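One letter stands for each residue in the lines below.
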Amino acid sequence: MKNYLLALVLSLGSVSLPAQTKEPLLFFPDSPYLQNVTPTGVTVMYQSGGSVHSWVEMGRDSLHTITYRQLAGGQEVVHDEEHRVRIEGLEPGATYYYRVCATEILTNQAYKKEFGRTVKTPFYKMTLPADTIRNFTAIVLNDLHGLGALVAQMARLADSIKPDFVVFNGDCLSEPATRPQAWRMVHSLTSAFHGASTPCVFVRGNHEIRNAYSSGMLSLFDWPGGKIYHAFSWGDTRFVVLDCGEDKPDDTWVYYGLNDFTGFRQEQVDFLQKELAGKAYRKAGHRVLIHHIPLWAEEEPKDPGAVSSPCRELWTPVLKKAGIDVALNGHTHRFRHYDTGEMGCLYPVVVGWRPVAGLGHDDHYPKAKQIAQS
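Residues numbered from 1 in each chain as written. Predicted model: local features only at pLDDT ≥ 70, side-chain atom pairs only at ≥ 80, totals over all residues. Heavy atoms only, no water.

1. Some thoughts on the confidence of the model for the protein
- Across the protein, the average pLDDT comes to 87, with 84% of residues at or above 70.
- Counting interchain partners and residues more than four positions distant, the pLDDT-below-50 stretch residues 9-25 has 66 contacts.
- Segment residues 356-363 is flagged for pLDDT under 50; beyond a separation of four residues in sequence, or across chains, it makes 11 contacts in the model. (pLDDT = per-residue confidence, 0-100. Contact = heavy atoms within 4.5 Å.)

In structure tokens form, the structure reads like this:
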């Protein structure tokens, strides 16, 4: 992993959520954000204040654009306030400009439709990764838990680094109770980290799984293959993202019998076997594993039964053959770096921490950065 910089900014906090605005029906609650970026494609996601006819205009400049819409079976999707427009056939490594447009639908009946005003966002600039790139910068954050001041500090750090993409490695969108709150949580991060221009990858932690709207959060993201566990390439590096689920057994009383992460973890064994046998993984120059809960780490004293054990038992037989260069984790709120062999690790592991002196990142960030560069 000598040919690119992976800047690790791993921390804990809680986002101060802005009040929900009461703007006219037509207006977007916030900026669009980029998902599932490949050398030839991107998903543009956004939400509207009501039922709209919407589209994305994209081109190599802002004067010559092509229109793209979200279609399902030949029909434009207008029944929901959540929108995802997938755009394919783009040029690897190229820079594009795009904006989101919408016209409000005042009446939507079988034989009668009436339209209102039209609005358009500013143009945003984005650059696709090239297949051949070897040097790039990514920022990985974990356990933000929503502390607004900490998010702002990490965002300022990101602005100084100018990453190619940002990964939120779990417990950054804690315990969503309602759909509007979930929207605000997502946009508090995508806005702070310029998600309209810089792709954001969301990895689920155990706190994203809790509260009334937690299962609804999945509709706010787009992952390769449509699964929360997935893999993607950035240049010659392959990233594999796993989901450990909750941090306690399924029969723990607080889950009220609503969870089945035992079966969900087993699904990922099949996924891993197929991924490791695939061409993209086999030909990758570097391989990075990302998941929120470490498989190997010092257990939390308050929670000695951390869920790493069932994941470790299931996944280790596959991962020991995977040739992983480094795994990036969070959850314990303590910075740790384990070399291969330490704590039983099959590969180097970096676990993110929580700041211990005010909002400062003390001496951990330089150390984490040094590890990433090596």
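This is not the end of the story, as more comes after the structure.
2. Some details on the nonpolar core
- Counting 60 residues, the largest nonpolar core has Leu144, Phe168, Phe193, Leu272, Trp315 and Tyr347 as the members making the most contacts within it.
- Those elements that provide at least two residues to this core are strand 12 (137-141), helix 1 (148-161), strand 13 (165-169), helix 2 (179-192), strand 14 (200-203), helix 3 (261-277), helix 5 (308-319) and strand 20 (349-351).
- If you tally residues by element for this core, the top one is helix 1, at seven residues.
- When sequence neighbours within four positions are dropped, the list of residues in contact with Phe168 reads Leu141, Leu144, Leu189, Phe193, Cys200, Val201, Phe202 and Val203.
- Of all hydrophobic cores here, the second largest spans 41 residues; its members include Val119, Phe165, Val167 and Leu328. (Core = buried A, V, L, I, M, F, W, Y, C linked by side-chain atoms within 4.5 Å. Buried < 20%, exposed > 50% of the residue type's maximum accessible area, 1.4 Å probe, protein only. Helix = DSSP H or I, 4+ residues; strand = E, 2+ residues; numbered from the N terminus.)

3. Observations regarding a nonpolar patch on the surface
- Together, Trp253, Val254, Tyr256 and Leu258 line one region of the surface with nonpolar side chains, adding up to about 560 Å² of accessible area.
- Within the fold, Val254 resides in the loop between strand 16 (237-241) and helix 3. (Patch = residues over 30% accessible without salt bridge, like charges linked within 9 Å, V, L, I, M, F, W, Y side chains within 5 Å. Areas by Shrake-Rupley, 256 points an atom, 1.4 Å probe, with all protein chains shown as cover. Salt bridge = Lys/Arg side-chain N within 4 Å of Asp/Glu carboxyl O.)

4. With respect to the pairing of strand 17 (residues 286-290)
- With five of five residues buried, strand 17 lies mostly within the body of the structure.
- Here strand 17 shows no split at all, with His286, Val288 and Ile290 on one side and Arg287 and Leu289 on the other all buried.
- As judged from the five bridges shared by strand 16 and strand 17, these two strands associate in the parallel manner. Paired with Val240 across the two strands is Leu289, which belongs to strand 17.
- Pairing analysis gives three bridges linking strand 17 to strand 18 (residues 326-329), with the strands arranged parallel. Bridging across to strand 18, Leu289 finds its partner in Ala327. (Pairing = 2+ DSSP bridges.)

5. Looking at the state of the cysteines
- Applying the stated criterion to the full structure yields zero disulfides.
- Cysteine Cys244 is unpaired, with the sulfur of Cys311 as its nearest cysteine sulfur at 3.9 Å.
- By relative accessible area, Cys244 is classed as buried at 2%. (Disulfide = S-S within 2.5 Å.)

6. Section: the side chain of Glu275
- Positionally, Glu275 belongs in helix 3.
- Excluding its chain neighbours within four sequence positions, the residues that come into contact with Glu275 are Ala231, Arg238, Val240 and Tyr281.

7. Describing helix 2
- Its 14 residues give helix 2 an end-to-end C-alpha distance of 20 Å, which sits within 8% of 20 Å, the value for a rise of 1.5 Å per residue.
- Within the sequence span of helix 2, burial applies to Gln181, Ala182, Trp183, Met185, Val186, His187, Ser188, Leu189 and Thr190.
- Taken together, the buried residues of helix 2 touch strand 2 (33-38), strand 3 (41-47), strand 8 (82-87), helix 1, strand 13 and strand 14.
- His194 sits one or two residues past helix 2 and shows a positive phi near 55 degrees. (Expected span 1.5 Å × (residues − 1).)

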